[in-house]
Amino acid sequence: MEAVLGKSHSRVEGAAKVTGTAVYASDTPRRETGAAMAHAALVTSTIARGRIVGFDLAAAQAVPGVLAVFTHRECAGHVAPVAHLMAGGYVNSSHRPLESDAVAYAGQIVALVVAETSEAAAAGAAGVRVTYQEAPASAGFDAPGAETIRLADLKAYHEDVRVGDAEAALGASAHRIEARYATPIQHHNPIELFTTRCAWEGDRLTVHEPTRFVGAVQHGLAAQLGLDPAKVRVVSGLIGGHFGSKFALSQHTALVALAARRLGRPVSLVPTRRQCFTIANYRPESRHDICLAADAEGRLTALVHKAEVVTSRFDPFAMEGTDVTASLYACPAIRTEERAVRVDRNTPGPMRAPPEVPYLFALESAMDEMAWRLGLDPIDLRRRNDTARDPVSGKPFTSRPLMACFEAGAKAFGWERRLPRPGAMTEGPWRVGLGCATSVRPVKIAAATIRVRRNADGAVEVAAAHHEIGNGITTLLAMGAADWLGVPVERVSVLLGDTDLPPAGISGGSSTTTSLMNALSLGCAQLRDKLAGAPEGEAVEVVAAFVPRGSKPDALKALREGHIGLTLPDDALSWAFGAQFAEVHVHAETGEIRVPRLTGAFAAGRVLNPLTALSQLKGGMIWGLGSALLEETVLDGAAYRNPDLAEYLVPTSADAETVEAILVPDPDEKVNPLGVKGLGELGVIGVNAAIANAVYHATGHRQRSLPIRIEDMIA
């Protein structure tokens, strides 16, 4: 049979998605255990900090069909504290919203209304009147009361980098760049909202919820509600987008479960779009002070990267990223310093390529500034500072095809037509600029278990408690089983997203393919051995456990207990690489910015399905365009001013005219047994810097804060 891995294959679940027959969490049956579904709606705080003085529930309770209104008076003491997922716990925020009368941030849940219909629940929630005693709130950077803390004091494992004497090298430098770069608050806005449906059958709880880590929801809910984890089942089928959101156990899930238990019937919650801005996570604002020094030949002599990111008062979540910026280019003197700023807002979380998108925007913008200072082509500057070894640890890269990406991308993009003077290229009234930037993403992998079964009729079933988030893992698993067991793809069924299946880790960090496909390869090998001694026509199955090198000794135990377990190789740096190119047009009179072309060239190890890989990369590049020019959540005091898709701007098809992604060969035999690196997040990284660098080439004006808007062009 001809191999299918490495060739383009359409999604096996694609037809269901485009015909509307695909089932998501909110589409599951409306009746369970003989009881009709009840519906919940949230009431969220209108102040950013203070306490609740009282409730007037008369109007809410008078709405026909309203069954109950839950506040802290009913719920306090019934949800046990659980730590944040990144602190060894299970939740995306350790704050318990109905535990007391305290208000910690704007948009905090202060009541849950349950009714016979979703319309009645919404009307009831609108009728809840809350009286507050307001207190001063700190909104963000430099706000009175904001607390700045070293990341090394917030996270036990974090270490700032010190290599050589960066200050002395800066003082002796022939050329020096020193600037501050800033990125804004951004929200995920997946099409599928953060829904939850909970149903009890005796002391057993079933939860249907879109999440990228069913294990964390299962074990976290069990800890919150005092249950045996074996009595909590979490089902998360197809997910309508997350890219970092739907991170772990959410604050509202336990509240819906409590309501369902007290009412004796299943309860469904579909929050509003505006509520999703505060009941889930987001990418926090960041600012970066970069100092670069170089000699007359363009070789870096010093790099200093100081970064600050916002976080909440109550969680240790803060995305650190200088480990990437410090190791990207050859440099003998490096110093990094990262700080978190605690404010009165909800806890942030990962958003596609969480640290690399903001941190690489800063470094790659500074590299472009250095190229102009030296009179070098920006690609040539990167070539002169390419390195086969990490300048911090001295470890080798398992592969380093960065310049191969720049060469392939430059050829496809037509970089040779770039004129080396800002403002020199025009098309009618439009100023034309060309910019480039590096894209890199460390390869992450995790322990995973997977069940592979050959049925009596010869059909194959693959099952794991992982998630189909739209990245195409369902198709890859079917393709892998087909190749490794010698059956057609159509004879393979894939089951995912259910804690009744063998446990698998979080869908994040571009680790899904690297982890599950290596587990599947191991499982298929074990099944072939077992089939060799089995009677013809007998059903045979195995459950394989894959543990990558560098994992902790208790990796499988941690996996089965719902803990995050992403690892990096300990003897080398394994990264995926890319080169981003952008053509920008800026209108000479109006300042309007257009991006007619994006080109990206990417090297990410062995590519198993070019069709879905290119789709992921192009989607990421378009998101990068939004990151550069459109996406920003605006603060009004300590509240979000634009929490909807009418005013939170995202790119459309008209904004992304021509997007081209190129796959560059990267045969890395050291990274893992299959040579797979993962590329889901690679496409978005560096696009914002490439566009900002192109804007400078077009106009001669450097934009160091995102997003770049018309007003920045005409100021």
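Our subject is the structure that appears above.
Attention here is on the structure that accompanies the text. (Residues numbered from 1 in each chain as written. Predicted model: local features only at pLDDT ≥ 70, side-chain atom pairs only at ≥ 80, totals over all residues. Heavy atoms only, no water.)

1. Quick word on the nonpolar core
Counting 90 residues, the largest nonpolar core has Leu-292, Phe-581, Leu-629 and Ile-691 as its most contacted members. The greatest single-element share of this core, amounting to ten residues, is contributed by helix H11 (residues 356-374). Counting residues in hydrophobic clusters, the runner-up holds 48 residues, among them Val-82, Leu-225, Leu-249 and Ile-279. (Core = buried A, V, L, I, M, F, W, Y, C linked by side-chain atoms within 4.5 Å. Buried < 20%, exposed > 50% of the residue type's maximum accessible area, 1.4 Å probe, protein only. Helix = DSSP H or I, 4+ residues; strand = E, 2+ residues; numbered from the N terminus.)

2. Quick look at the packing of aromatic side chains
All told, the structure shown has 14 aromatic pairs when counted by the stated rule. Measuring from ring centre to ring centre gives 6.2 Å for Tyr-105 and Phe-314, while their planes differ by 40°; the resulting arrangement is tilted. One end of the pair, Tyr-105, is in the loop between strand S6 (102-103) and strand S7 (109-115); the other, Phe-314, is in the loop between strand S17 (300-312) and helix H10 (322-325), and 209 residues separate them in sequence. Its relative accessible area of 1% is what places Tyr-105 among the buried residues. Each ring, one from Trp-415 and one from Phe-581, has its centre 5.6 Å from the other, and the planes form 70°; the classification is edge-to-face. You can see Trp-415 sitting in the loop between helix H13 (402-413) and strand S19 (425-427) and its partner Phe-581 sitting in strand S25 (residues 575-587), a full 166 residues away along the chain. A single burial state applies to Trp-415 and to Phe-581, both of which are buried. Three or more aromatic residues link up through ring pairs in this structure, and these residues are Phe-406, Phe-413, Trp-415 and Phe-581. Note that Arg-287 overlies the ring of Phe-141, its terminal NZ or CZ placed 4.3 Å from the centroid. (Phe/Tyr/Trp six-rings, centres within 6.5 Å; stacked < 30°, edge-to-face > 60°. Lys NZ or Arg CZ within 6 Å of the ring centre and 35° of its normal.)

3. Details of the environment of Ile-685
With respect to the helices, strands and loops of the structure, Ile-685 is situated in the loop between strand S29 (658-663) and helix H18 (687-699). A sequence separation of 108 residues divides Ile-685 from Phe-577, and the C-alpha atoms of the two residues are 9.8 Å apart. Residue contacts for Ile-685: discarding those within four places in its chain leaves Ala-353, Glu-356, Val-357, Leu-360, Thr-438, Ser-439, Val-440, Arg-441 and Gln-580. (Contact = heavy atoms within 4.5 Å.)

4. Topic: the pattern of salt bridges
Enumeration over the complete set of coordinates arrives at 44 salt bridges. The closest approach of N and O atoms between Asp-380 and Arg-383, which form a salt bridge, is 3.7 Å. Of the two residues, Asp-380 and Arg-383 are both situated in helix H12 (residues 378-384); the distance of three residues between them amounts to about one turn of the helix. (Salt bridge = Lys/Arg side-chain N within 4 Å of Asp/Glu carboxyl O.)

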